[in-house]
Every structure is written in C-alpha cells, then in structure tokens.
Amino acid sequence: DVKVTQSSRYLVKRTGEKVFLECVQDMDHENMFWYRQDPGLGLRLIYFSYDVKMKEKGDIPEGYSVSREKKERFSLILESASTNQTSMYLCASSSRQGRNTIYFGEGSWLTVV
Amino acid sequence: AQKITQTQPGMFVQEKEAVTLDCTYDTSDPSYGLFWYKQPSSGEMIFLIYQGSYDQQNATEGRYSLNFQKARKSANLVISASQLGDSAMYFCAMTFSGGYNKLIFGAGTRLAVHP
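Residues numbered from 1 in each chain as written. Chains lettered and ligands numbered in written order. Predicted model: local features only at pLDDT ≥ 70, side-chain atom pairs only at ≥ 80, totals over all residues. Heavy atoms only, no water.

### Some details on the environment of B:Ser80
All names here are of chain B. Mapping Ser-80 onto the fold places it in the loop between strand E9 (74-79) and strand E10 (88-96). Classification of Ser-80 by relative accessible area gives partly exposed; the value is 31%. Note: C-alpha distance between Ser-80 and Lys-3 (77 residues apart in sequence) is 27 Å. Look past the residues within four positions of Ser-80 in its chain and what remains in contact with it is Glu-17, Ala-18 and Arg-63. (Helix = DSSP H or I, 4+ residues; strand = E, 2+ residues; numbered from the N terminus. Buried < 20%, exposed > 50% of the residue type's maximum accessible area, 1.4 Å probe, protein only. Contact = heavy atoms within 4.5 Å.)

Structure follows, in structure tokens:
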C-alpha cells in the first residue's frame, strides 16, 4: 500500500522557534510537495522538489525553506515561526510519469503561539 | 496562469439524494488533469476521481462521477445516493503539462449530508 508519512500530526511551537516538518514516502517518487491549507483559501503550494537536492518555490514560499537530501524525504523548515504560520500543512508525492499518481500524507496541524 | 474556482462554500443534501458540487477552471494549456478530493475532519486528502483533458468520456468511480464540459471549462462532481459519511470538505484541483504534477486547488466546498 502506498504511503506518505508526516512525522507529526499536531505541533505547538513558540514564536521565533525553528520548526521542522518531515515527510517520507515509500513509493520511490521523484516529485514531492509541501502545501499549506487555510480556510477559504484551499491548499496553496509552498515548495516542491522534482529530484534529490532540487527545489522550486511554489506560490507562498516566504518564511519557509525545504531540504531534500534523500529521495524519500522532504522536509519543510520554518526558520523563525510566526503566528501567521499557524495552519495545516500537507505533504504529497508523485511519480514523474502519469498525472494520476499523486498521494498525500495525513497532514500536520501546526499552532504557533 | 491556471485557476480553479469553487463558488459554493457550503452545500447540504438529504441522505440518499444526489448532489452536484461545482468547479470551473481556467487554463490555456491544452493538456491538463482535473481531480476531486474529499477531506474529512481528520484532515487526510482522499482521492475521489480524475479526468484527463483528452478523455472523451466522463470519469466515474462508484457513486462519484465527473461532469466534464470542456468548452465551458467546467468539471462538476456528482455524488449519487449521498451517505452520512459523505459529509466533508471537497476540493477540485488541476495539474498541467510541464508542471511536475503540481496541483492547483479551489477554495473547497463543505458538504453536509442530513439524515
């Protein structure tokens, strides 16, 4: 069974803390994505990666960075968390071939206080 | 630029009835894919149905069907025989050629199924 695993479901962090959200996939997918979900806005792409060590900005990269040192792992980093980064974060992965090959993790609910 | 519009923030339907969730899209790319996802309160994104832009027939998956009207750039989701477990957020999304399978999402529609 295909699997995208996000390391933490619920996190509470303090303003200014460095936050790591980890995502691991077991499908040997080339592409990995981080989305942010807010009410009324749907999901918005923060960053994506199409290969190891390769990354591209999405629509809302400000305040975030990413790391992809291994094919199966894609990390989202909040260098200095702020309250406006309180949100639900979803990781996804897909193969390079075929459109209908996109799988999501269960989501991470981050609260910054 | 690609865009997805879902104009219904909330919908309700009686159990066992059919319901249509609206989705329109905007793209100049001739090759694209359209998706519907269900998100229950637990937060996971559940894939429901996919339609490719070159697919001649409307996609169907069990109780879900996608009413694809290419000229109108519309991709409505029809859920037949609604069940209480269908209560959730529903997102329409698209991918486009050369986009690495990045998904562009609509704002979502919250569906409530009443007994």
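Anyway, onward from the coordinates.
### A look at the packing of aromatic side chains
Within the structure shown, the criterion is met by 16 aromatic pairs over all chains. Ring centres 5.6 Å apart and planes at 80 degrees place the aromatic pair A:Tyr35 and B:Phe105 in the edge-to-face group. One end of the pair, A:Tyr35, is in strand E4 (residues 31-38); the other, B:Phe105, is in strand E11 (residues 104-105), on a second chain. Note on A:Tyr35: relative accessible area 1%, which makes it buried. The interplanar angle of 65 degrees and the centroid separation of 5.9 Å between the aromatic rings of A:Tyr64 and A:Tyr89 together place this pair among those described as edge-to-face. Note that A:Tyr64 is positioned in the loop between strand E6 (54-57) and strand E7 (65-70) and A:Tyr89 in strand E9 (residues 87-94), a separation of 25 residues in sequence. Each member of the pair, A:Tyr64 as well as A:Tyr89, is classed as buried. Feature note: the residues A:Phe33, A:Tyr35, A:Phe48, A:Tyr50, A:Phe104, B:Phe35, B:Tyr37, B:Phe47, B:Tyr50, B:Phe91, B:Tyr100 and B:Phe105 constitute an aromatic cluster, connected by ring pairs. (Phe/Tyr/Trp six-rings, centres within 6.5 Å; stacked < 30°, edge-to-face > 60°.)

### Looking at the sheet that holds strand E3 (residues 19-25) of chain A
Residue and element names in this part refer to chain A. Reading across the sheet, the four strands line up as E1-E3-E8-E7 and stay open at both edges, with antiparallel pairing between neighbours. Lying at the two open borders of the sheet, with one neighbouring strand each, are strand E1 (4-6) and E7. Here the average twist between neighbouring strands, direction ignored, is 20 degrees. Across six bridges, the pairing between E3 and strand E8 (residues 73-78) is antiparallel. Paired with Cys-23 across the two strands is Phe-74, which belongs to E8. (Pairing = 2+ DSSP bridges. Axes fitted to C-alpha atoms, helices over the stretch in contact; angles between N-to-C directions.)

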